[in-house]
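# Architecture and fold: a report
Residues per chain, in single letters:
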Amino acid sequence: MASLPPDFQQLKQDQLTPFLHDEIAVPDELQANVLITTVDKIYNWSRRSSMWPLLFGLACCAIEMIATAASRYDLARFGMEVMRPSPRQSDLMIVSGTVTKKMVPAIVRIYNQMAEPRYVLSMGACATGGGPFKEGYNVVSGIDKYIPVDVYVPGCPPTPEALIYGLLKMHEKVDRQSVTSVPWYRKDTSQFVPVPRLGPDVFDPRQVDLIKDTTLKAAAATTAAAANGASAGATEHARGPAQLSDKAIARMEEAKRRWREKKGLPE
Amino acid sequence: MSQATVVAEAPADELDLGPELADAVEGAWAEDTEKTYVIAPDRILDVLRHLRDVQGYDFLSNLTCVDYKGYGGKLRADVDARLEIVYNLYNTRRGGGSIGLHVRVPEDETVPSATSLYAGANLQEREVYDLFGVKFEGHPNLRRILLWDGFNGHPMRKDWQEAYFEEDVKPFRSRHPKGEYAFHEDKIPWAKNTTYPAGWDPDSWQEPVAYVPVSQAPHHENEPHLDTESIVVNLGPHHPSTHGVFRMLTRVEGETILALEPEMGYLHRNHEKIGERNTWLMNMPFTDRLDYLNSMSNNWSYALAVEKLAGIEVPERAEYLRVIMAEFTRIVNHTWSIGFILNDLGALQTPALYAIEEREMILDLFEAVSGARMMCNYMRFGGVVRDLPEGWHEQAAYLANERLPRALDELDTLLTENEILKARGRGVGYLPVEDLIALSVSGPMIRAGGLAYDIRKAEPYGIYDRFDFDVPTLPNSDIYDRYYIRLLEAMESVRILQQALRDIPEGETLGGRGGYTLRAPEGEVYSRIEAPKGELGFYLASDGKVAPWRYHVRSPSYINLNALGPMSIGYKVADAIVILGAIDIVLGEVDR
Ligand code: SF4
């Protein structure tokens, strides 16, 4: 057998090294046949080297996602070119674009249909927090209001380079997981996310009590106001308290303080 | 190829309805911007019929509504009726400007539906019903279209406020000038962008029954021994062939489509509501995100509308730059759409990758000039925001003179004579051009049906009258022609580019201040361009303040979908996918 050039051997060795177990020594005569590694390393390596995204585009960001998969940026280099239209066959959901209220039940349903382990990458300002359309009446301010997100990629749209960086971060995250502690092998952890429903506005079944509390109270207030002869209609929409909660104020103060610190402004 | 290209012959007529209909006109509106006429609600159908049959205004381009509650301008000082329906009609045989009609409706009254005269009013009337709550009498299928059944209220009304409502007009006092901010989420107990009517009880909520298209077609009458049934098949909103989040409800018998209803709104991002809170200039980056493949032409269309309204002049060099950007965009769009038509036909990815390769070259140019690949935000009122960087012109000239012609020829060689493309495309999705016009379809679709109607010739804007180019047409109005017309148009764009890059003068690129503090005079305007997908129009109404009173986008993708149902009936499910692909929609523009 013609032996491979030495630099190739070296390359192969370099690539293998991270996977080798460093405490258990392999006897010399078996070096060529036996590699000792950990389950975690092999498991994570194989998962992250063929992470198939869901073929699923929402808005403008999807065009950049397509560009990332296409000739110039070539996602195939990362084992990710196989975009599966079926959630059953995919590992990664790239939420690429604005999530609207009309669409969010479908997204949550698709997420529920994905087999674990599953990951979510939120691509762009819209999927992350509503983006330029945050205030819109049909826009969900971030997909993480409904399903857990692993990696956020900022941008509007993120360039293909940014998306690739986000995907590499996702790979890093996968590399750090361990078979012994990942949630999907534990009991009772893998649950469906309740699918939001479309009422007068979209609502999350998990928040029904909270909503009821406010809407019914508002109705009582309107009735009471009408009974008192005061002008009704002031509480037509249940917007909730305009007063900020203490927690929120503390968070804002903290954010402001950090910002001042960064800019070197006085307190 | 284009002897009969429609060109603008005469300026738009004064409205002359003859003696019988003279009393239908209640007055004119906004004399000094666009001439439009106010018609009595009960006479509108008569007027429309007269305009269509006698005067040849066969194309109902724009139909929208304006809510004037709380309007502060002078023009409507003595008018009570709250809502105003706006119609813009064109003559596709003669070219030239539009006839604008208004119908004033008090809040709870109905308007006669124009669908019996212009089938293309279908989707637009449904949109007005959905967003403004105006009922159209005689509309065959008046359901919500962008939002879902059961949604609370009609959001484009001026007194309807979103959950995150802060103020009527930006910049909000909470952010400007001090730069403070607060999370809207913190003000709402459930920390989401939702609001519910008082007294609503989620526990007892019943979702309305899902809509199913009814089919007019009977079962197999001529095969009575076959016990067949038609079934409803739903495609989307998450379906790889729908080019985004779009849904088709079909009723099929075997593989044959008996009825097809488009369902949209899955990307309804409230451009128009947000656009009324934004100042004039703030809307510019939002237009990028309408048809996100073609941000440059969207920019241009909006800038043109505002310039027309406010009477802003554009310097010579900027006019050339606009043409150059718009034509590059057209090539991007057409090669992309060719790639994806082929994708839908089963030529998975290869043609699309060829298209994307050219697109990347053009995007590099856009990035160099505007800083962004896709969302260029490049134009301003009165010009463009930046001049070309060094080396740009040479690279663009290389693309226009060498690379792009070669690439288009290559696509032509590879695809046009392809057996499969012919077998799948010839005769599929046929609809005669008269029907397409009645359905308000515009752009490459009607040119693939043999009508040489291109706004660049029929109502020239910018400096298109200076260039030597043809309007290609093809006779068959099927998928194959819709593919091929795009290739031909891209080749014409290359011709325009070559001339524009040759002739572009030196000079300034932005007249005035670009509209940073613009207050457009009171009035309204409808202005349109030939965007790659068809007629892209902006309808703007101003009350003289810092923000538009009404900001409406007449988007070609949305209105071209009128034809999807009629075109698909009788073909197979697999054909419907390509028929949709050949309309060439972008969901950002469909749902806005
Ligand atoms: S983040 Fe920007 S580019 Fe992405 S979907 Fe939202 S608006 Fe479009």
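In this structure, the largest pocket encloses a volume near 1,200 Å³. Lining the largest pocket are 43 residues, with Leu55 and Ile66 of chain A together with Pro240, Phe340 and Asn343 of chain B sitting closest to its centre. At the level of elements, helix 3 (60-69) of chain A together with helix 7 (316-345), helix 8 (350-370) and helix 17 (573-583) of chain B are the ones that each hand at least two residues to the lining of the largest pocket. Of the residues belonging to the lining of the largest pocket, the class tally is 27 nonpolar, 11 polar and 5 charged.

Each partner contributes residues to the interface: chain A has 71 residues there, and chain B has 74 residues. Inspection of the chain A/chain B interface yields 6 salt bridges. Between Asp204 of chain A and Lys192 of chain B there is a salt bridge; the shortest N-O distance is 3.3 Å. Inspection of the chain A/chain B interface yields 29 residue pairs in polar contact (both at pLDDT 80 or more). Listing elements by their share of the side of chain A that touches chain B, those giving two or more residues are helix 3, helix 4 (104-113), strand 4 (197-198), strand 5 (202-203), helix 7 (208-227), strand 6 (237-238) and helix 8 (246-263) of chain A. The biggest single contributor to the side of chain A that touches chain B is helix 7 of chain A, with 9 residues.

Before going further, it helps to spend a moment on the side chain of Asn193 of chain B. Within the secondary structure layout, Asn193 of chain B lies in the loop between strand 7 (135-137) and strand 8 (196-197). On the basis of relative accessibility, which here comes to 3%, the residue Asn193 of chain B falls in the buried class. Here the side chain of Asn193 of chain B touches Lys134 of chain A through a polar contact of 3.1 Å, landing on its backbone oxygen. Here the side chain of Asn193 of chain B touches Gly136 of chain A through a polar contact of 2.9 Å, landing on its backbone oxygen. Look past the residues within four positions of Asn193 of chain B in its chain and what remains in contact with it is Lys101, Lys134, Glu135, Gly136, Val139, Ser141 and Asp201 of chain A together with Ala163 and Tyr164 of chain B.

In the neighbourhood of the ligand, 16 residues make up the surrounding shell, with Cys60, Cys61, Ala125, Cys126 and Cys156 of chain A lying closest. Looking at what sits near the ligand, you find residues from chains A and B. At 3 residues, helix 5 (residues 124-129) of chain A tops the list of elements feeding residues into the shell around the ligand. Class assignment of the residues belonging to the shell around the ligand gives a composition of 10 nonpolar, 4 polar and 2 charged.

With that settled, the discussion passes to the pattern of salt bridges. Residues and elements named next belong to chain B. Taken as a whole and assessed by the stated rule, the structure comprises 64 salt bridges over all chains. In this structure, the salt-bridge partner of Lys545 is Asp543, at a minimum N-O distance of 3.8 Å. When its relative accessible area of 42% is taken as the criterion, Lys545 is described as partly exposed. Sharing partners across several salt bridges, the network here consists of Glu327, Arg330, Arg447, Asp454, Arg456, Glu489 and Glu530.

The topology assignment puts Ala22 of chain B in the loop between helix 1 (18-21) and strand 1 (25-29). Spatially, the C-alpha atoms of Ala22 of chain B and Ala40 of chain B are 11 Å apart, while their sequence positions differ by 18 residues.

All names here are of chain A. Pairing in this open sheet of 3 strands is parallel, and the strands run 1-2-3 from one edge to the other. Each end of this open sheet is capped by a strand with a single partner; those strands are strand 1 (92-96) and strand 3 (151-153). Within the sheet, the average angular offset between the axes of one strand and its neighbour, ignoring direction, is 20°. Sheet topology note: the strand 1/strand 2 (residues 119-123) ladder contains 5 bridges and is parallel. By the bridge assignment, Val95 is partnered in strand 2 with Ser122. In the packing of helix 6 (residues 160-175) onto the sheet, the strands contacted are strand 1, strand 2 and strand 3, and the crossing angle to strand 2 comes to about 155°.

A separate point is the sheet that holds strand 16 (residues 550-554) of chain B. Residue and element names in this part refer to chain B. Spatial ordering of the open sheet is given by 14-15-16, a layout of 3 strands whose pairing is antiparallel. One side of each edge strand has no neighbouring strand; the edge strands of this open sheet are strand 14 (523-531) and strand 16. Averaged over all pairs of adjacent strands, the angle between their axes in this sheet comes to 10°, without regard to strand direction. Note that strand 15 (residues 534-542) and strand 16 share 5 bridges and pair antiparallel. Across the sheet, residue Phe538 finds its bridge partner in strand 16, namely Val553.

The next thing to look at is the confidence of the model for chain A. Residue and element names in this part refer to chain A. Looking at chain A as a whole, its pLDDT mean stands at 81, while 88% of the residues score no less than 70. Mean pLDDT across the elements of chain A bottoms out in strand 6 (46) and peaks in strand 3 (93). Across residues 230-241, where pLDDT falls below 50, the model places 28 contacts with residues more than four positions away in sequence or in other chains.

All right, on to empty space enclosed by the protein then. A water-sized probe rolled over the atoms picks out the places where empty space is left. Residue and element names in this part refer to chain B. With the rule as written, the count across this model stands at 6 cavities of 30 Å³ or more. Looking at the lining of the largest cavity element by element, the count peaks at 3 residues for helix 8. For the lining of the largest cavity, the residue count by class is 7 nonpolar, 3 polar and 2 charged.

In regular strands, side chains alternate between the two faces of the sheet. Residues and elements named next belong to chain B. Both faces of strand 2 (residues 36-39) are covered, namely the face carrying Thr36 and Val38 and the face carrying Tyr37 and Ile39. The pairing of strand 2 with strand 5 (residues 99-105) spans 4 bridges and is classified as parallel. By the bridge assignment, Tyr37 is partnered in strand 5 with Leu101.

Taken as a class, soluble globular proteins show a tendency for nonpolar side chains to be buried jointly. Counting 204 residues, the largest nonpolar core has Met93 of chain A together with Ile85, Tyr87, Leu101 and Phe328 of chain B as its most contacted members. It is helix 7 of chain B that contributes the most residues to this core, 15 residues altogether. Met51, Met65, Met80 and Leu167 of chain A belong to the second-largest nonpolar core, a separate cluster that totals 23 residues.

It is worth spelling out the packing of aromatic side chains at this point. This model, assessed by the stated rule, comprises 30 aromatic pairs over all chains. Measuring from centroid to centroid gives 6.4 Å for Tyr43 of chain A and Tyr185 of chain A, while their planes differ by 45°, and the two rings are tilted. Placement of the pair is Tyr43 of chain A in helix 2 (residues 39-49) and Tyr185 of chain A in the loop between helix 6 and strand 4, with a sequence separation of 142 residues. Tyr185 of chain A sits in the exposed class, given a relative accessible area of 52%. Arranged with centres 6.4 Å apart and planes meeting at 85°, the rings of Phe328 of chain B and Trp392 of chain B form a pair that is edge-to-face. Of the two residues, Phe328 of chain B sits in helix 7 while Trp392 of chain B sits in helix 9 (residues 392-416), which places them 64 residues apart along the sequence.

In this section: the environment of Arg277 of chain B. With respect to the element layout, Arg277 of chain B can be found in helix 4 (residues 271-277). Between the C-alpha atom of Arg277 of chain B and that of His50 of chain B, which follows or precedes it by 227 residues, the distance is 38 Å. The contacts of Arg277 of chain B, once residues within four sequence positions are left out, are Glu135 of chain A together with Trp160, Glu162, Phe165, Glu167, Asp168, Val169 and Lys170 of chain B.

Before going further, it helps to examine helix 8 of chain B. Helix length check: helix 8 of chain B, at 21 residues, gives a terminal C-alpha distance of 30 Å against a target of 30 Å (1.5 Å per residue), a fit within 8%. Positive backbone phi, approximately 95°, marks Gly371 of chain B, located one or two places after helix 8 of chain B.

So, how was this worked out
Residues numbered from 1 in each chain as written. Chains lettered and ligands numbered in written order. Predicted model: local features only at pLDDT ≥ 70, side-chain atom pairs only at ≥ 80, totals over all residues. Heavy atoms only, no water. 1 Å grid on protein atoms, 1.4 Å probe; cavity = no way out; pocket = protein on both sides within 12 Å on 5 of 7 lines; lining within 4 Å. Points joined across faces, edges and corners; volume = space filled by probe spheres on them. Helix = DSSP H or I, 4+ residues; strand = E, 2+ residues; numbered from the N terminus. Nonpolar A, V, L, I, M, F, W, Y, C, P; charged D, E, K, R; others polar. Contact = heavy atoms within 4.5 Å. Salt bridge = Lys/Arg side-chain N within 4 Å of Asp/Glu carboxyl O. Polar contact = N/O pair within 3.5 Å; in protein donor to acceptor, adjacent residues only side chain to side chain. Buried < 20%, exposed > 50% of the residue type's maximum accessible area, 1.4 Å probe, protein only. Near = heavy atom within 4 Å. Pairing = 2+ DSSP bridges. Axes fitted to C-alpha atoms, helices over the stretch in contact; angles between N-to-C directions. pLDDT = per-residue confidence, 0-100. Core = buried A, V, L, I, M, F, W, Y, C linked by side-chain atoms within 4.5 Å. Phe/Tyr/Trp six-rings, centres within 6.5 Å; stacked < 30°, edge-to-face > 60°. Expected span 1.5 Å × (residues − 1).

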